[in-house]
Amino acid sequence: MNAHLATDAATMSPLALFLQADIVVKIVMVGLLAASVWTWAIIIGHGGRLKSIARRSAKFEKDFWAAEDIDNFYTANRNSDLPSAKVLGAGVTEWRRSTSGKKIDREGTRERLTTMMAATIAAEVDRLSDRLNILATIGSVGPFVGLFGTVWGIMRSFTSIAAQQNTSLGVVAPGIAEALFATALGLFAAIPAVIAYNRLSHGINTLEARLHRFADGFHATLSRELESE
């Protein structure tokens, strides 16, 4: 009896369920495992990247507001890959173009500064949001892919019952077990993806708001400078 129970336990292990599963269910399981690995790669990569950008951006902006000469500060940081530096670069570049002539259109300069910095912010947010759509897709599709494996496994169980004319647990259990295992893998891939998508989206939204505040402050600085031209 003990040996029989041990054999049943081994048969119901995750590895055994995968090996004895139908080819369709195996494909579903492998796909969900790959999606889970991909999800965690994005979580670790993007999560660390956003934290680093937020920390470096805070220092960059603090140094900028403490700088006495904007041109010198821009020259020293023009090669920075920070979103704040890109916004600064867009503002300085447009400022130089708009004030290079003898006659300065103050209102036109203000509008162009706003447009260029807003466009730069949008481009940086799009760059930071890259691959978040993958998390959204896995989070929404993963459970349904797992459900497909579940339905297929249950169909296989009913096929076994019909073929063997036997409704005992030994006939039904393997198919149902692999079906439920497919469902579990679907949730295993989808739940972290949904949580990560929400957290990373929140982090990007926070960074976007920070960039807009920085752009507004810089715009106000340049507007004051226009009044003295």
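Since the model is a prediction, treat every value here as computed from it, not as a measurement.

> Explain the packing of aromatic side chains to me, please; I cannot follow it from the model alone.
The description of two aromatic rings rests on the distance between their centres and on the angle between their planes. Per the counting criterion, the structure on display carries nine aromatic pairs. Look at Phe 64 and Trp 65: their rings are 4.8 Å apart centre to centre, the planes differ by 70°, and that puts the pair in the edge-to-face class. Geometrically, the ring pair formed by Phe 64 and Phe 73 is edge-to-face, given 5.5 Å between the ring centres and 65° between the ring planes. Like Phe 64, the residue Phe 73 is buried in the burial classification. Put simply, the rings of Phe 60, Phe 64, Trp 65, Phe 73, Phe 214 and Phe 218 touch in pairs and so form one group of aromatic residues.

> Before we go on, may I ask you to explain the nonpolar core in this structure?
Inside soluble globular proteins, nonpolar side chains tend to come together where they are buried. Counting 36 residues, the largest nonpolar core has Phe 60, Val 87, Leu 88, Leu 135 and Phe 218 as the members making the most contacts within it. When contributions to this core are tallied by element, the ones reaching two or more residues are α3 (23-66), α4 (70-77), α5 (83-98), α6 (106-128), α7 (132-164) and α8 (169-227). Looking at this core element by element, the count peaks at twelve residues for α8. Non-local contacts of Phe 218, meaning those with residues more than four positions away in its chain, are made with Phe 64, Trp 65, Ile 70, Leu 88, Gly 91, Val 92 and Met 117.

> What is the right way to read unusual backbone geometry from this model?
Glycine aside, residues mostly have negative phi, and peptide bonds are mostly found in the trans state. Of note in this structure, Arg 131 is not a glycine but carries a positive phi near 80°. With respect to the secondary-structure elements, Arg 131 resides in the loop between α6 and α7.

> Whenever I open this one, the layout of surface pockets confuses me. Can you help?
Over the atoms rolls a probe the size of a water molecule, and its path tells where empty space is left. Computed from the structure, the largest pocket encloses a volume of approximately 370 Å³. In terms of lining, the largest pocket is formed by 17 residues, of which the most central are Leu 50, Lys 51, Arg 199, Leu 200 and Gly 203. A per-class count over the lining of the largest pocket returns nine nonpolar, four polar and four charged. Reported here for the second largest pocket is a volume of approximately 170 Å³.

> Explain a nonpolar patch on the surface to me, please; I cannot follow it from the model alone.
Together, Phe 144, Leu 147, Phe 148, Val 151, Trp 152 and Met 155 make up a nonpolar patch on the protein surface, roughly 600 Å² of accessible area in all. Counting through the fold element by element, Val 151 comes out in helix α7. Exposure remark for Val 151: the relative accessible area of 43% places this residue in the partly exposed category.

> Quick question: what am I supposed to make of the confidence of the model for the protein here?
Fine structural detail should not be taken from predicted coordinates in areas where pLDDT scores are low. Residue-level pLDDT values for the protein average 85, and 88% of them are 70 or greater. This model gives residues 1-7 a pLDDT under 50, and the stretch forms zero contacts once residues within four places in sequence are excluded.

About the thresholds
Residues numbered from 1 in each chain as written. Predicted model: local features only at pLDDT ≥ 70, side-chain atom pairs only at ≥ 80, totals over all residues. Heavy atoms only, no water. Phe/Tyr/Trp six-rings, centres within 6.5 Å; stacked < 30°, edge-to-face > 60°. Buried < 20%, exposed > 50% of the residue type's maximum accessible area, 1.4 Å probe, protein only. Core = buried A, V, L, I, M, F, W, Y, C linked by side-chain atoms within 4.5 Å. Helix = DSSP H or I, 4+ residues; strand = E, 2+ residues; numbered from the N terminus. Contact = heavy atoms within 4.5 Å. 1 Å grid on protein atoms, 1.4 Å probe; cavity = no way out; pocket = protein on both sides within 12 Å on 5 of 7 lines; lining within 4 Å. Points joined across faces, edges and corners; volume = space filled by probe spheres on them. Nonpolar A, V, L, I, M, F, W, Y, C, P; charged D, E, K, R; others polar. Patch = residues over 30% accessible without salt bridge, like charges linked within 9 Å, V, L, I, M, F, W, Y side chains within 5 Å. Areas by Shrake-Rupley, 256 points an atom, 1.4 Å probe, with all protein chains shown as cover. Salt bridge = Lys/Arg side-chain N within 4 Å of Asp/Glu carboxyl O. pLDDT = per-residue confidence, 0-100.

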